[in-house]
Amino acid sequence: QVQLVESGGGLVQAGGSLRLSCAGSGSTFSIYDMGWYRQAPGKQRELVADISSGGSTRYADSVKGRFTISRDNAKNTVYLQMNSLKPEDTAVYYCNAVRRRVGVSLWGQGTQVNVSS
């Protein structure tokens, strides 16, 4: 199975940018649908964006036009480019790898993003 390690979080001012990376181990990375989720204090984990094994993308309405998800299967890595960050984007961001047909869902440890006003 793939193991996931996120990086790229940190503290940024409102209006700034960050790029999160999620590196996966294993040779089967390309067959997983990948997603970025986030969880703010006191709130449920929510989907931010996902990208299928075929490259189709979806975004939460709150991040459309500001965030871009992409993947590089040669590097076993999925990215989340976050622009025009807002304080409400502050959360722990988690990478998810899923193979729905076989019921596999894997999570990284999370990376903290803090956006100051």
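Keep in mind it's a predicted model, so treat the numbers as computed, not measured.

Novice: I keep staring at the nonpolar core and nothing clicks. Help me out?
Specialist: In summary, soluble globular proteins display a tendency toward joint burial of nonpolar side chains. By size, the foremost hydrophobic cluster in this structure holds 30 residues, and its most contacted members are Met34, Trp36, Val78, Leu80, Met82 and Tyr93. Among the elements of the structure, strand 3 (18-24), strand 4 (33-39), strand 5 (46-51), strand 7 (67-72), strand 8 (77-82), strand 9 (91-99), strand 10 (104-107) and strand 11 (111-116) are those that each provide at least two residues to this core. Considering each element in turn, this core owes the most residues, four residues, to strand 9. Those residues within four positions of Met82 in sequence are excluded, and the remaining contacts are Gly16, Ser17, Leu18, Leu20, Arg66, Phe67, Tyr93 and Val113.

Novice: Looking at this structure, how should I read the state of the cysteines?
Specialist: In protein structure, a disulfide is the covalent linkage between the sulfur atoms of two cysteines. The tally for this structure, following the rule as stated, stands at one disulfide. Shown here is the disulfide that connects Cys22 with Cys95, its sulfur atoms set 2.1 Å apart. The disulfide joining Cys22 to Cys95 has a torsion of about -80 degrees about its S-S bond and is therefore left-handed. With Cys22 in strand 3 and Cys95 in strand 9, this residue pair connects regions lying 73 residues apart in the sequence. Under the relative-accessibility criterion, Cys22 is labelled buried at 0%.

Novice: Could you clarify how one ought to interpret the packing of aromatic side chains in this entry?
Specialist: As enumerated under the stated definition, the model contains two aromatic pairs in all. Here the aromatic rings of Tyr37 and Trp107 are separated by 5.0 Å at their centres, their planes lie at 65 degrees, and the arrangement is edge-to-face. Placement of the pair is Tyr37 in strand 4 and Trp107 in strand 10, with a sequence separation of 70 residues. Consider the rings of Tyr94 and Trp107, whose centres lie 6.5 Å apart with planes at 85 degrees: the pair is edge-to-face. Here Tyr94, found in strand 9, pairs with Trp107, found in strand 10; they are 13 residues apart in sequence, far enough to count as distant. One aromatic cluster in this structure is built from Tyr37, Tyr94 and Trp107. Note that Arg45 overlies the ring of Tyr94, its terminal NZ or CZ placed 3.7 Å from the centroid.

Calculation criteria
- Numbering of residues starts from 1 in each chain and follows the order in which that chain's sequence is written.
- Whole-chain, interface and lining totals are the exception, using all residues; otherwise, since this is a predicted model, local features are given only for residues with pLDDT of at least 70 and side-chain atom pairs are given and counted only at 80 or more.
- Note: side-chain values were computed over all heavy atoms of the structure, leaving out hydrogens and water.
- For this analysis, a nonpolar core means a set of buried residues of the types Ala, Val, Leu, Ile, Met, Phe, Trp, Tyr and Cys, connected via side-chain atoms within 4.5 Å.
- Partly exposed residues are those whose accessible area sits between 20% and 50% of the maximum for their type, while under 20% is buried and over 50% is exposed, using a 1.4 Å probe and protein chains only.
- The secondary structure listing takes helices from DSSP runs of H or I that are at least 4 residues long and strands from runs of E that are at least 2 residues long, numbered from the N terminus.
- We call two residues contacting when some pair of their heavy atoms lies within 4.5 Å.
- Any two cysteine sulfur atoms lying within 2.5 Å of each other are counted as a disulfide.
- We call Phe, Tyr and Trp rings a pair once their centres come within 6.5 Å, taking the six-membered ring for Trp, and we label the pair stacked below 30 degrees between planes, edge-to-face above 60, and tilted otherwise.
- Whether a charge sits over a ring depends on NZ of Lys or CZ of Arg being within 6 Å of the ring centre and within 35 degrees of the ring normal.

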